[in-house]
Amino acid sequence: MTSKTDEALGYEQARDELIEVVRRLEAGGTTLEESLALWERGEELAKVCRRWLEGARARLDAALAEEGEASGGE
C-alpha cells in the first residue's frame, strides 16, 4: 500500500529514488531481507511514477481534445 509520503512525492523524486533502489539491487551485497525490502520499495515507487505519468497523459489527452473541439467549431 502506498503511504501518504509516497503520494506527496513528485515524479522526479520517485524516479530518482527508484533509480537508486535498482542500483543497490544490481550491486548486490545485501541480505535477502534487505533485497526484498528494496524490491518492495521499488514496486511502490514504480506505482507513484506510473500514477504521475497516467495523470500527465490524461491532461495531455484532455488538452488535445479541447484543442480539437475549438478548431473544429470554427
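The model shown is predicted, which means the values in this text are computed figures rather than measured ones. (Residues numbered from 1 in each chain as written. Predicted model: local features only at pLDDT ≥ 70, side-chain atom pairs only at ≥ 80, totals over all residues. Heavy atoms only, no water.)

As a further point, take the overall build of the protein. When you go through the protein residue by residue, the secondary structure sums to three helices and zero strands. Written out in order from the N terminus, the α and β elements of the protein read α-α-α. Scored against the burial criterion, the 74 residues of the protein give a buried share of 16%. Considering only residue pairs separated by 6 or more positions, the protein has 74% of its internal contacts joining residues 24 or more positions apart. Here the protein has roughly 5,800 Å² of accessible surface; of this, 55% comes from carbon and sulfur atoms. (Helix = DSSP H or I, 4+ residues; strand = E, 2+ residues; numbered from the N terminus. Buried < 20%, exposed > 50% of the residue type's maximum accessible area, 1.4 Å probe, protein only. Contact = heavy atoms within 4.5 Å. Areas by Shrake-Rupley, 256 points an atom, 1.4 Å probe, with all protein chains shown as cover.)

This part takes up the confidence of the model for the protein. When pLDDT drops low, the exact placement of atoms in the prediction is not to be read closely. Confidence in the prediction of the protein, expressed as mean pLDDT, is 91, and 89% of residues score 70 or more. Of all helices and strands in the protein, the one with the weakest mean pLDDT is helix 1 (residues 4-8) (70), whereas helix 2 (residues 11-27) scores best (98). (pLDDT = per-residue confidence, 0-100.)

What follows is about the nonpolar core. Residues Leu9, Ala14, Val21, Leu38, Leu45, Val48 and Cys49 constitute the largest nonpolar core, which totals seven residues. Only helix 2 and helix 3 (32-72) provide two or more residues apiece to this core. If one sorts the elements of this core by residue count, helix 3 sits on top with four residues. If near-sequence neighbours (up to four positions away) are discounted, Leu9 is found in contact with Ala14, Glu17, Arg41, Leu45, Val48 and Trp52. (Core = buried A, V, L, I, M, F, W, Y, C linked by side-chain atoms within 4.5 Å.)

This part takes up helix 2. Every α-helical turn comprises 3.6 residues, leaving residues that sit three or four positions apart pointing alike. In this model helix 2 runs 24 Å from its N-terminal to its C-terminal C-alpha over 17 residues, within 8% of the 24 Å that 1.5 Å per residue would give. Trailing helix 2 by a residue or two, Gly28 shows a phi angle of about 75 degrees, which is positive. (Expected span 1.5 Å × (residues − 1).)

Attention shifts here to the packing of helix 2 against helix 3. Contact geometry for helix 2 and helix 3: axes closest at 9 Å, N-to-C directions at 150 degrees. Compared by their axis directions, helix 2 and helix 3 come out roughly antiparallel. The crossing of helix 2 and helix 3 is left-handed. In contact with Tyr11, Ala14, Arg15, Glu17, Leu18, Val21, Arg24 and Leu25 of helix 2, helix 3 contributes Ser35, Leu38, Trp39, Arg41, Gly42, Leu45, Ala46, Val48, Cys49, Trp52 and Leu53. The residue inventory of the contact of helix 2 with helix 3, partitioned by class, reads 13 nonpolar, two polar and four charged. (Axes fitted to C-alpha atoms, helices over the stretch in contact; angles between N-to-C directions. Parallel < 35°, antiparallel > 145°, perpendicular 65-115°, else oblique. Left-handed = near helix turned anticlockwise from the far one by under 90°. Nonpolar A, V, L, I, M, F, W, Y, C, P; charged D, E, K, R; others polar.)

With 41 residues, helix 3 should cover 60 Å at 1.5 Å per step; its first-to-last C-alpha distance of 59 Å lies within 8% of that length. What helix 3 keeps buried is the set Leu38, Gly42, Glu44, Leu45, Val48 and Cys49.

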